[in-house]
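A closer look at the structure
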Amino acid sequence: MKIEEIVEKLTIKANINLREDVKKILKEALRKEKNKRVKRILEVIMENARIALKKNIAICQDTGLPLVFLEVGKDINLNSSLIEKINKGVISGYKKAGFRKSTIDKHGKLSYTPKIFHIDFVNAKGLKITIFPKGFGSEAKSALKVFPPTVKKEEIDEFIIKTVKNADIDACPPYFIGIGIGGDSSFALILAKKALCEDLSKPNKDKELDKWEKNLMRKLNKLGIGIMEKKGSTVLAVRIKRFPTHIAGIPVGVNISCHALRSATVKINF
Amino acid sequence: MVIRLKTPLLKKDLVKLKVKDEVYLSGIIYTMRDRSSQLLVELIKKKKSLPLDLKNQVIYYCGPNFKGKMLGACGPTTSRRMDIYLEELLKKGLSASIGKGERSFFVRDLCRKYKSVYFLTYGGCGAYLRERIKKYKLIAFPHLGSEAIYEFEVEDFPLIVGIDTEGNSIRG
């Protein structure tokens with residue numbers, strides 16, 4: 001199969017097939033929930049995913065900005081023609097599946113993608129492609145703060161809590177919270193998105209971060225934001241990713257995802 | 001208990017609704033988003049004729065997907081962005097709006113003043129909500145793509161009263 005076709009399929013999958021880990025987490029939340037009205041909302045969310053898959057339509061009309069993450073192995077010859085092929089695949093996926101043109105330029109011209117790629121070179125073979133359609137109801141609630149290097153964890157928590165509190169119910173809760181700590185300011189926000197692409201049904205491999213995530217989630221769910229009315233858990237998972245940074249600061253990026261957290265990954269070996 | 005209502009929505013029906021009430025709405029609703037709201041309000045301000053009569057009507061903050069001629073996902077978008085356009089539409093007799101999320105505080109005052117209701121529906125559930133839409137028709141601004149105004153014929157469209165005609169909000 002040509003790379004354009006692989007990416008086309010992957011793009012459609014990302015938008016109509018809710019991730020297995022997300023489904024698992026939602027199912028578990030439904031099992032634990034006691035409030036009838038909240039239960040009903042969670043049931044509708046799961047029913048929505050079933051209908052989308054069955055009828056081959058998008059989970060959400062906001063099929064987002066289709067962001068592309070690449071992990072490029074040492075045997076891959078990455079150049080602009082490969083990027084062009086991948087972008088073509090994304091566009092043809094959106095066209096074929098009837099997804100919305102959500103990208104607009106300064107002249108008001110609508111299109112499918114602004115062609116945003118985040119590229120890492122890895123010490124492995126093959127090419128890993130992740131399509132991450134990011135809806136803007138939740139993207140609008142992103143936040144960044146660069147802390148001094150001696151900051152206490154509690155102060156970082158406060159900033160994250162303030163960010164989620166500010167999102168209130170506008171970003172389609174229950175939420176998945178991605179947090180990037182380190183790099184430079186823009187890198188921290190990309191890390192936060194990468195965090196959301198991980199399998200969130202599994203605990204963080206880093207024990208310390210796992211503990212921090214669980215503690216944060218408890219704090220966030222004490223905010224009492226709810227889902228529609230002020231009932232039910234607002235946050236279903238928190239994932240933190242760290243990266244080395246400058247000795248003079250700690251950038252912290254927060255990226256919120258709605259309950260319809262969508263992404264799909266494929267590994268291609270040439 | 002779910003309250004069943006049919007459009008057009010009259011003030012006498014709206015004043016009976018209270019925050020958190022569950023409603024199944026049938027009839028006609030009109031989609032609207034940032035750019036279509038902006039264009040419509042520009043027409044109102046220039047005293048030009050409008051592509052739709054808003055009297056007793058309901059607008060739905062939504063930018064749908066289409067697969068060919070078939071309607072795709074069509075859930076609500078964040079209502080707050082359209083708050084600045086609401087009063088002009090209420091002056092033209094608009095009954096209610098549907099969307100997701102909390103609205104600016106002044107929308108509570110507007111709901112009280114114009115006896116209007118803000119309904120919430122299930123955010124991020126565009127595939128589910130599509131099942132409740134029987135027909136659609138393009139009404140205005142086709143150049144805006146998904147932001148054009150569409151008429152949806154809905155049946156038992158699930159809503160929850162977010163702000164009632166007394167200005168009470170589900171968010172307290």
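Bear in mind the structure is a predicted one, so any value in this text is a computation, not a measurement. (Residues numbered from 1 in each chain as written. Chains lettered and ligands numbered in written order. Predicted model: local features only at pLDDT ≥ 70, side-chain atom pairs only at ≥ 80, totals over all residues.)

1. Considering the overall build of chain A
The criterion, for reference: Helical segments are the DSSP runs of H or I of at least four residues, strand segments are the runs of E of at least two, and each set is numbered from the N terminus. We take the radius of gyration over the C-alpha atoms and set the globule estimate at 2.2 Å times the residue count to the 0.38 power. Here exposure depends only on C-beta density: within 10 Å of a residue's C-beta, 20 or more other C-beta atoms make it buried, 12 or fewer make it exposed, and intermediate numbers make it partly exposed, the C-beta atoms being placed from the backbone. We call two residues in contact when their backbone-placed C-beta atoms lie within 7 Å.
Of regular secondary structure, chain A possesses 8 helices and 10 strands. What you see for chain A is a C-alpha radius of gyration of 19 Å, in line with the 18 Å of a compact globule of 270 residues. Judged by the C-alpha coordinates and their principal axes, chain A covers about 50 × 50 × 40 Å. Counting over 270 residues, chain A shows a buried share of 44%. A sequence separation of at least 24 residues applies to 82% of the contacts in chain A between residues at least 6 apart.

2. Structural notes on the overall build of chain B
In terms of helices and strands, chain B carries 5 helices and 9 strands. Reading the secondary structure of chain B in the N-to-C direction produces β-α-β-α-β-β-β-α-β-α-β-α-β-β. A compact globule built from 172 residues should have a C-alpha radius of gyration of about 16 Å, and chain B, at 15 Å, falls within 12% of that. Each principal axis of the C-alpha atoms in chain B carries an extent, and together these give about 40 × 40 × 25 Å.

3. Looking at the interface of chain B and chain A
Contacts between the two partners involve 33 residues from chain B, matched on the other side by 31 residues from chain A. Elements with a minimum of two residues in the side of chain B that touches chain A: β4 (66–67) and α5 (126–130) of chain B.

4. With respect to helix α3 (residues 83–91) of chain B
Every α-helical turn comprises 3.6 residues, leaving residues that sit three or four positions apart pointing alike. Residue and element names in this part refer to chain B. Convention followed: What the arc measures is the spread of directions leading from the helix axis to the C-beta atoms.
Every buried residue belonging to α3 is among Tyr85, Leu86, Leu89 and Leu90, and all of these are buried. For α3, the angular spread of the buried residues around the axis is 140°, confining them to a single face. Buried residues in α3 make contact with α2 (34–45), β3 (58–61), β6 (96–99) and α4 (105–114). Gly93 sits one or two positions beyond α3 and adopts a positive phi of about 100°.

5. Thoughts on the nonpolar core
Test applied: Any nonpolar core is a set of buried residues, restricted to Ala, Val, Leu, Ile, Met, Phe, Trp, Tyr and Cys, that join up through C-beta atoms within 7 Å.
Counting residues in hydrophobic clusters, the biggest one holds 120 residues, and the most contacted among them are A:Ile59 and A:Ile179. Top element by residues in this core is strand β9 (residues 149–163) of chain B. It accounts for 8 residues. Those residues in contact with A:Ile59 that sit more than four places away from it in its chain are A:Asn15, A:Ile16, A:Leu18, A:Asn48, A:Ala49, A:Ala52, A:Ala260, A:Arg262, B:Ala73 and B:Ala127.

6. Let's talk about the sheet that holds strand β7 (residues 175–183) of chain A
Think of a sheet as strands paired side by side through backbone hydrogen bonds, with each pair either parallel or antiparallel. Residues and elements named next belong to chain A. What counts here: Strand pairing requires that DSSP identify at least two bridges connecting the strands. In this description, a line fitted to the C-alpha atoms serves as the axis of each element, helices being fitted only across the stretch in contact, and the angle between N-to-C directions of two axes falls anywhere from 0 to 180 degrees.
Taken together, 4 strands build an open sheet; the order of strands is β6-β9-β7-β8 and the sheet is mixed. With partners counted over all chains shown, the strands left at the sheet margins are β6 (143–147) and β8 (235–245), one partner each. Pairwise comparison of adjacent strand axes, ignoring direction, gives a mean angle of 15° for this sheet. In this structure, β7 lies alongside strand β9 (residues 250–257), joined through 6 bridges in antiparallel fashion. In the sheet register, Ile181 faces β9, and the bridge partner there is Val252. Helix-sheet contacts for helix α6 (residues 153–167) involve β6, β7, β8 and β9, and the interaxial angle to β9 is about 30°. The strands touched by helix α7 (residues 185–196) within the sheet are β6, β7, β8 and β9, with β7 carrying the most contacts at an inclination of about 140°.

7. Some thoughts on the sheet that holds strand β10 (residues 264–268) of chain A
Residue and element names in this part refer to chain A. Here 4 strands make up an open sheet; going across it, the order is β4-β1-β5-β10 and the pairing mixed. Looking at which strands have only one partner, the edges of the open sheet turn out to be β4 (117–121) and β10. The mean angle between the axes of side-by-side strands here comes to 15°, regardless of whether they run parallel or antiparallel. Across 5 bridges, strand β5 (residues 127–134) lies against β10 in antiparallel orientation. Across the sheet, the residue bridging to Lys128 is Lys267, located in β10. Contacting β1 (65–72), β4 and β5, helix α4 (residues 80–97) runs over the sheet at an angle of about 140° to β1.

8. Observations concerning unusual backbone geometry
In this structure, A:Pro174 follows A:Pro173 across a cis peptide bond, with omega equal to 0°. Mapped onto the elements, A:Pro174 comes out in the loop between α6 and β7. Residue B:Pro8 follows B:Thr7 across a cis peptide bond; omega there is -5°. When you line up the elements, B:Pro8 lands in the loop between β1 (2–6) and α1 (11–14). Located in the positive-phi region is A:Cys172, a residue other than glycine, with phi close to 60°. Relative to the helices and strands, A:Cys172 resides in the loop between α6 and β7. Non-glycine residue B:Lys47 carries a positive phi angle of around 55°. Checked against the element boundaries, B:Lys47 lands in the loop between α2 and β3.

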